[in-house]
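Spelled out from the first residue to the last, the chains are:
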Amino acid sequence: MTHVLETRNLVRDYHIAGGIFRKGRTIHAVKGISLAVDQGKTLAIVGESGCGKSTLARMITMIDAPTAGDMLIDGQKVDIAKEGLTPEMRRKVQIVFQNPYGTLNPRKKIGDILMEPLVINTSMKRDERQDRAMAMLKKVGLDEKHFGRYPHMFSGGQRQRVAIARALMLSPRLLVLDEPVSALDLSVQAQVLNLLADLQDEFQLTYVFISHDLSVVRYIADDVMVMYYGEAVEYGTREEVFSDPKHAYTKTLFSATPRADVESIKARLARKNAA
Amino acid sequence: MSLLEVENLVVEFQTASGPFRAVDGVSLRVNAGEVLAIVGESGSGKSVSMLAAMGLLPWTAKVTADKLQFDGRNLLGMSASERRKIVGKDMAMIFQEPIASLNPCFTVGFQIEEVLKVHEKLGKAARRARAIELFSAVGIPNPEDRLGHFPHQMSGGQCQRVMIAIALACNPKLLIADEPTTALDVTIQKQILDLLMRLQAERGMGLIIITHNMGVVAETADRVIVQYKGRKIEEADVLSLFESPKSAYTRALLSALPDNATGDRLPTIADLLSDEQIFEGAVR
């Protein structure tokens, strides 16, 4: 079976132009990442800010072209630098960004936001577009009455639902989720994670889930990749990575994650009283 | 006597559709040397109640309380200039977005020395020496050089350290940290929390941590207040809150943690509770 997404030694460099007083520099944001995700599975990518995980997401979503390396979607090689991006390819991969306050156009109604991917990438008739948008609204737990409203009338969780709905309008194979719940409250986060799980079951979606919250990753991921300074320092199934972290950075990451269980509170209070 | 005593605090904002009650009768007290965590979702009034205590709300807010007392002094009847002598000196606050809460036009050294100039009336050389001392206390490497840097030249974690240094400049009796680590990575979050806890223990400060992260609560607090829609739902010491939460809302909040997930779905507050049920058994 071919993988939905496969990358081989994906590299991305950014060149910073020099000036009169400064020499130009090259920043190696992503240094040769290889990964593979099968249909209906979730790969989580974890790392601190600046480690290249969002750059990787942009390459997978075909927003930026890689400097070197191959990317295959459904077994088909993609090179947007040479061949450009066709609507067929765009339909296969969609992305949901972190901040639902910044990614919805405040001057457009929700209905228009949802129909826009169809306008750009398909030749669908207006009635059909509208029906699809209505159906999708219900699918993500919103209502038909929300169709004519503007983004500022929604809460953060509802906006993230709209962003997810928009990403799903083209029935993609692969959905890239760039920190989709880190801007949300705990209970809203739970709702959005449930929604993502339901949608994955229903449409057999493949997720690339980028996050720095390990408790969320442990909950949602099948495979986990830990990135550090542009390199994958750890890559394996969830059980492997969580039960037996190999790299020093992964261990640091685990020990830094705050634990909310009774045992660790007791241990902390005991330490405090002893001191 | 408690350091900060608040009784029946109500904060209302005038909006186009009538007054909006952001905080609805919250009472709390913090003792010296104690760490209190205030937990709640956005809109629970946790930040607004602390801003009201600091007197930092805009004039559109109407603040009333039966008692608002800091270190034995009544804050309610106090004039604005009197209050400014306390705020930033004995009672300091750090905010969620470290990069946004520093002034981008001035060096971090200028910003920390400004506090010392206003409150401590120190001379130039003494201010600089104190600033260097504070920067090393919060773990900023090369403090002499760093004083001349602008906020944009520093990382988020470093900026938060600067904010903490500024807040500690006048040895406050009470430090209020409003989501101090929400904008930071987990590894940096751990460093900042460790730093706050160390400084709190060393100086015997009262510390209020406002957060929505249950992990942060578990790692830091002595006592916890849970708020929802401007009302206090529960108050307990940290162990009993996690071990045997009394209110249904706290139970629901804890079960929505991905750590505690059983099976495929996370229980959400809306699944478990209606609005009336949330306030059932709420304390005042």
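Because the structure is predicted, anything quoted here is derived from the model rather than measured.

1. Let's talk about the overall build of chain A
Then, number 1: Counting secondary structure elements, chain A contains 11 helices and 10 strands.
Then, number 2: Taken over the C-alpha trace, chain A has a radius of gyration of 20 Å; the compact-globule value for 275 residues is 19 Å, and the two agree within 12%.
Then, number 3: Taking the principal axes of the C-alpha coordinates as reference, chain A spans close to 70 × 50 × 50 Å.
Then, number 4: Long-range contacts, defined here as pairs at least 24 residues apart, represent 67% of the contacts in chain A between residues at least 6 apart.
Then, number 5: Summed over all atoms, the accessible surface of chain A reaches about 13,200 Å², with 49% contributed by carbon and sulfur.

2. Overview of the sheet that holds strand β3 (residues 42-46) of chain A
All names here are of chain A.
Then, number 1: What the six strands build is an open sheet, ordered β6-β7-β8-β3-β9-β10; its pairing is mixed. The open sheet is flanked by β6 (93-96) and β10 (231-237), the only strands paired with a single partner. Sheet twist, expressed as the mean angle between neighbouring strand axes with direction ignored, is 15°.
Then, number 2: Judged from the four bridges that link them, β6 and strand β7 (residues 174-178) form a sheet pairing that is parallel. Directly across from Q94, in β7, lies its bridge partner L175.
Then, number 3: Along the sheet, helix α10 (residues 248-256) makes contact with β3, β9 (223-228) and β10, crossing β9 at roughly 105°.

3. A word on the interface of chain A and chain B
Interfaces are often sized by the accessible area lost when the parts come together.
Then, number 1: Residue-level contacts link 30 residues of chain A with 37 residues of chain B.
Then, number 2: Counting the surface lost from both chain A and chain B, the interface buries some 3,000 Å², and carbon and sulfur atoms represent 58% of this.
Then, number 3: Counting the surface chain A buries against chain B, the share from its top three residues, L186, P258 and R268 of chain A, is 20%.
Then, number 4: Here chain A is connected to chain B by two salt bridges.
Then, number 5: For E243 of chain B, the salt bridge identified is with K266 of chain A, shortest N-O distance 3.2 Å.
Then, number 6: Taken together, the connections running from chain A to chain B amount to seven residue pairs in polar contact (both at pLDDT 80 or more).

4. Observations concerning the environment of T181 of chain B
Residues and elements named next belong to chain B.
Then, number 1: Note on placement: T181 falls in the loop between β8 (174-178) and α8 (186-203).
Then, number 2: Once the C-alpha coordinates of T181 and G156 are considered, the two residues, 25 residues apart in sequence, prove to be 9.8 Å apart.
Then, number 3: Within polar-contact distance, the side chain of T181 engages the side chain of Q189 at 3.3 Å.

5. Some points on the UniProt feature "domain: ABC transporter" (unreviewed entry) in chain A
Then, number 1: According to UniProt, the "domain: ABC transporter" (unreviewed entry) feature falls on residues 5-254 of chain A.
Then, number 2: As annotated, residues 5-254 of chain A has a helix share of 38% and a strand share of 27%, and its two end C-alpha atoms lie 28 Å apart.

6. Brief notes about the pairing of β7 of chain A
All names here are of chain A.
Then, number 1: With five of five residues buried, β7 is to be regarded as a mostly interior element.
Then, number 2: Along β7, one buried face is formed by L174, V176 and D178 and the opposite face, lined by L175 and L177, is buried too.
Then, number 3: Strand direction decides the pairing type here: β7 and strand β8 (residues 206-211), joined by five bridges, are parallel. The partner of V176 across the bridge, within β8, is V208.
Then, number 4: For the handedness criterion, the β-α-β arrangement of β7, helix α7 (residues 186-203) and β8 is classed as right-handed.

7. Points about the packing of helix α6 (residues 156-168) of chain A against α7 of chain A
Residues and elements named next belong to chain A.
Then, number 1: For the pair α6 and α7, interaxial distance at closest approach is 10 Å and the crossing angle is 20°. Comparing the axis directions of α6 and α7 gives the class roughly parallel. For the pair α6 and α7, the crossing hand works out as right-handed. Side by side, α6 and α7 meet where G157, R161, I164 and L168 of the first sit next to V188, Q191, V192, L195, L196 and L199 of the second.
Then, number 2: Grouping the constituent residues of the contact of α6 with α7 by class yields seven nonpolar, two polar and one charged.

8. Some thoughts on the layout of surface pockets
Then, number 1: When its volume is computed, the second largest pocket comes out at roughly 830 Å³.
Then, number 2: Lining the second largest pocket are 31 residues, and of these R259, R268 and R271 of chain A together with K190 and E219 of chain B lie nearest its centre.
Then, number 3: Elements represented by at least two residues in the lining of the second largest pocket include exactly α8 (214-220), α10 and α11 (262-274) of chain A together with α8 and α9 (214-220) of chain B.
Then, number 4: Take the lining of the second largest pocket: its biggest share by element is seven residues, from α8 of chain B.
Then, number 5: Of the residues that constitute the lining of the second largest pocket, the class distribution is 13 nonpolar, eight polar and 10 charged.

9. Some points on the pattern of salt bridges
All names here are of chain B.
Then, number 1: Taken as a whole and assessed by the stated rule, the structure comprises 32 salt bridges over all chains.
Then, number 2: Between E12 and K62 there is a salt bridge; the shortest N-O distance is 3.7 Å. Taken together, the positions of E12 in strand β1 (residues 4-15) and K62 in strand β4 (residues 61-64) put the pair 50 residues apart, joining distant regions of the chain.
Then, number 3: The class for E12 is buried, based on a relative accessible area of 13%.
Then, number 4: Several salt bridges share partner residues, and in doing so they unite E12, R21, D24 and K62 into one network.

10. Concerning empty space enclosed by the protein
Take a probe with the size of a water molecule and roll it over the atoms, and the empty space left behind shows itself.
Then, number 1: Inspection of every chain in the model, using the stated rule, returns one cavity of 30 Å³ or more.
Then, number 2: A volume near 40 Å³ is recorded for the largest cavity.
Then, number 3: Lining the largest cavity, in full, are D185 and L186 of chain A together with V39, G40, E41, H212 and L253 of chain B.
Then, number 4: Taken together, the residues of the lining of the largest cavity sort by class into three nonpolar, two polar and two charged.

11. Examining the sheet that holds strand β10 (residues 223-228) of chain B
Residue and element names in this part refer to chain B.
Then, number 1: The strand order β7-β8-β9-β3-β10-β11 describes an open sheet built from six strands, whose pairing is mixed. Strand pairing shows two members of the sheet lacking a second neighbour, β7 (91-94) and β11 (231-237), which therefore form its edges. Pairwise comparison of adjacent strand axes, ignoring direction, gives a mean angle of 15° for this sheet.
Then, number 2: As paired elements, β8 and strand β9 (residues 206-211) share five bridges and run parallel to each other. In the sheet register, L175 faces β9, and the bridge partner there is L207.

Calculation criteria
Residues numbered from 1 in each chain as written. Chains lettered and ligands numbered in written order. Predicted model: local features only at pLDDT ≥ 70, side-chain atom pairs only at ≥ 80, totals over all residues. Heavy atoms only, no water. Helix = DSSP H or I, 4+ residues; strand = E, 2+ residues; numbered from the N terminus. Rg over C-alpha atoms; globule rule 2.2 N^0.38 Å. Contact = heavy atoms within 4.5 Å. Areas by Shrake-Rupley, 256 points an atom, 1.4 Å probe, with all protein chains shown as cover. Pairing = 2+ DSSP bridges. Axes fitted to C-alpha atoms, helices over the stretch in contact; angles between N-to-C directions. Buried area = accessible area lost by both parts, 1.4 Å probe. Salt bridge = Lys/Arg side-chain N within 4 Å of Asp/Glu carboxyl O. Polar contact = N/O pair within 3.5 Å; in protein donor to acceptor, adjacent residues only side chain to side chain. UniProt positions renumbered as here; feature names shortened; annotations may be inferred. Buried < 20%, exposed > 50% of the residue type's maximum accessible area, 1.4 Å probe, protein only. Right-handed = clockwise from strand over helix to strand, strands pointing away. Parallel < 35°, antiparallel > 145°, perpendicular 65-115°, else oblique. Left-handed = near helix turned anticlockwise from the far one by under 90°. Nonpolar A, V, L, I, M, F, W, Y, C, P; charged D, E, K, R; others polar. 1 Å grid on protein atoms, 1.4 Å probe; cavity = no way out; pocket = protein on both sides within 12 Å on 5 of 7 lines; lining within 4 Å. Points joined across faces, edges and corners; volume = space filled by probe spheres on them.

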